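Report on the structure
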Amino acid sequence: MQLTKLIYQAGIIGCGGAGFPTHAKYNGTIETIIINGAECEPLLQTDRYLMRNKAGELIKAADMLLRETGAGGCVIALKASYTREIAALEEAIRSLGSDVRLHRLESFFPAGDEQTIVYEVTGKVVPPAGIPLNVGCVVNNVATLYGIYEAMEGRPFTQKYLTVTGEVKHPVIAKVPIGTPVGECLKLAGGPLLSDYVVVNGGPMMGKLMSKEEAESACVTKTMSGLIVLSTDSSIARRSEVTLKHMLNRAKSACIQCSFCSQLCPRALLGHPLEPHRIMRKLSSCRDLTEILDDRDVQNAALCCECGICEVYACPMGLQPRKVNSLLKGELARAGIRYQRTEGEWEPDPNRNMRKAPTARVASRAGVAAFEEIQIDELKEITPESSGTVRLALRQSIGAPSQPVIKDGERVEKGQLIAVCPEGSLGSALHASISGVAALEEQYLVIRP
Ligand code: SF4
Ligand code: SF4
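All of the points below concern the structure found in this document.

Calculation criteria
Residues numbered from 1 in each chain as written. Chains lettered and ligands numbered in written order. Predicted model: local features only at pLDDT ≥ 70, side-chain atom pairs only at ≥ 80, totals over all residues. Heavy atoms only, no water. Helix = DSSP H or I, 4+ residues; strand = E, 2+ residues; numbered from the N terminus. Rg over C-alpha atoms; globule rule 2.2 N^0.38 Å. Buried < 20%, exposed > 50% of the residue type's maximum accessible area, 1.4 Å probe, protein only. Contact = heavy atoms within 4.5 Å. Areas by Shrake-Rupley, 256 points an atom, 1.4 Å probe, with all protein chains shown as cover. Lys, Arg positive; Asp, Glu negative; His and termini not counted. Charge placed at Lys NZ, Arg CZ, Asp CG, Glu CD. Salt bridge = Lys/Arg side-chain N within 4 Å of Asp/Glu carboxyl O. Pairing = 2+ DSSP bridges. Axes fitted to C-alpha atoms, helices over the stretch in contact; angles between N-to-C directions. Near = heavy atom within 4 Å. Nonpolar A, V, L, I, M, F, W, Y, C, P; charged D, E, K, R; others polar. Parallel < 35°, antiparallel > 145°, perpendicular 65-115°, else oblique. Expected span 1.5 Å × (residues − 1).

Within the chain, the secondary structure is distributed over 18 helices and 19 strands. Relative to the 2.2 N^0.38 estimate, which gives 22 Å for 449 residues, the radius of gyration of the chain is 22 Å and therefore close to what a compact globule would have. Along the first, second and third principal axes, the C-alpha set of the chain runs to 60 × 50 × 45 Å. When the 449 residues of the chain are sorted by exposure, 55% land in the buried category. Looking at the chain alone, contacts between residues at least 24 apart form 73% of all its contacts between residues at least 6 apart. A total accessible area of about 19000 Å² is found for the chain, and carbon and sulfur atoms account for 47% of it. Within the chain, the 50 negative side-chain charges are centred at a point lying 2 Å from the centre of the 50 positive side-chain charges.

Written out as structure tokens, the structure is:
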């Protein structure tokens, strides 16, 4: 079967966070396939678990991608410190006679940022607001590659591996059907140690914070890579409590224009014209964000990947340039202002290597250093057969929500196609993660066993 069709029909989307439908990445001429095994967010260990325990499967899938795309090479990029994962992958490469190569990265954040990893592996800079394909690359993360292996074996994307850690009794890697309630995943880790807590969906730098109540009603999605339970008093929880008005007032009045945010910004270090300190300066002279949207420096906010280095790691005043950029991106989109790239070569900052943010220090600044040393080897599973009710969001990826192809009250079998991408749209297919009776809700498909 054609590669893009195989990937689409299995409902595979990027598992690294953004949720870009994977089949759409393979439309073009590819020189290098990069498998992102950096797992650069502190605390997350899902990809490392897969690289240790599913190395053969990953290499088989990477070999298939190489064959089907005719790409010049396939590189798994992971940190040099992941010695057990490197040993497992090297053994699989040897025993399968594979041409896949490993690229060792330093331990810095965000080594796994798509544009950063392309530069680290190939020495090429993706142009501002561009995509890796602009320089002949496709980047998939390790969990996505494992999904491709499952698709090769005829199994659609219905199960998710997650790191469950933080303030829980026994941090674990959880394997659960997509749509499993978050509370069930926390129980696999022995449950929260605190009565009041918040849960980060993803990593501590770029993850989305959920209150205890939100976590209780949330369900596992295809893009979820980890669940981190933290105290309501943690710095991540406290930062999220700052109101928009207060955040903007502080940004206007307390920025000392030290420019550390720009000096340490990973996109600026690649040579992209993003300078958050200039945006903060423009902010100080306006009453409303819409007044500064015509400014070229402000429009460069569109280049921000919202990694959080500027606010968690760089800013000595505790300001939130990332949040400002995020708000500006929303305003620019509402005003119909699209980023206009000027032609040119993009050269990384000559000081880039010195300015990389070491992962351990990032974890410390994010207030999660206490959990960074925990080594998670144990897998705990909820099987489709032992699962209770699952709730599958129709919008799992970037693009249009999937459209149900089953009727309310219909019995569905595990692996059955239950929703498809609307004709002509970017999106993904969705399959039943358990067998049971389906109910159609506004934005969800619920399956009761
Ligand atoms: S969040 Fe801050 S550091 Fe990260 S890309 Fe955006 S401006 Fe740069
Ligand atoms: S690091 Fe903070 S204080 Fe310094 S320029 Fe950036 S936002 Fe302003």
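There is more to say after this.
This brings us to the pattern of salt bridges. Using the criterion set out here, one finds 28 salt bridges in the structure. In this structure, the salt-bridge partner of R52 is D377, at a minimum N-O distance of 3.1 Å. Of this pair, R52 sits in helix α2 (residues 46–53) while D377 sits in the loop between α18 (369–372) and β12 (379–381); the two residues are 325 residues apart in sequence, bridging distant segments of the chain. Notably, a salt bridge pairs R84 with D377, separated by 3.0 Å at the nearest N-O pair.

What the four strands build is an open sheet, ordered β3-β2-β1-β5; its pairing is parallel. Every interior strand has two partners, whereas the edge strands, β3 (101–105) and β5 (137–141), have only one. For this sheet, the mean angle separating the axes of adjacent strands, direction not counted, is 25°. Note that strand β1 (residues 32–37) and β5 share five bridges and pair parallel. Note that in β5 the partner of I33 across the bridge is V138. Across the face of the sheet, helix α3 (residues 55–69) comes into contact with β1, β2 (73–79) and β5 while running at roughly 145° to β2.

With that settled, consider unusual backbone geometry. The step from F109 to P110 runs through a cis peptide bond, and the omega angle for that step is 5°. In this structure, P110 sits in the loop between β4 (108–109) and α5 (114–122). For A129, which is not a glycine, the phi torsion comes out positive at approximately 60°. In the Ramachandran plot, E306 falls in the positive-phi region, its phi being about 60° despite a non-glycine side chain.

Looking now at the site of ligand 1. In the region of ligand 1, 13 residues are neighbours, and C265, C304, C307, C310 and N325 sit closest. Of all elements in the fold, only α15 (309–314) and α16 (321–334) reach the threshold of two or more residues within the shell around ligand 1. For the shell around ligand 1, the per-class residue count stands at nine nonpolar, two polar and two charged.

Glancing now at the site of ligand 2. Near ligand 2, the surroundings consist of C255, I256, Q257, C258, S259, C261, H277, M280, C315, P316, M317 and P321. Of the residues that constitute the shell around ligand 2, the class distribution is nine nonpolar, three polar and no charged.

The geometry of α2 relative to α3 is characterised by a closest axis approach of 5 Å and an angle of 90° between their N-to-C directions. Considering the angle they form, α2 stands roughly perpendicular to α3. Side by side, α2 and α3 meet where L50, M51 and N53 of the first sit next to A55, E57 and L58 of the second. When its residues are assigned to classes, the contact of α2 with α3 shows four nonpolar, one polar and one charged.

To continue, consider the environment of G70. Summarising the element assignment, G70 is placed in the loop between α3 and β2. On the accessibility criterion, G70 (56% relative accessible area) is exposed. When near neighbours in sequence (up to four residues on either side) are disregarded, G70 contacts I30 and L65.

Counted at 1.5 Å a residue, the expected span for α3 with its 15 residues is 21 Å, and the 21 Å between its end C-alpha atoms agrees. Regarding α3, the residues found buried are A55, L58, I59, A61, A62, D63, M64, L65 and L66. Once α3 finishes, G70 follows within two positions and takes phi at roughly 70°, a positive value.

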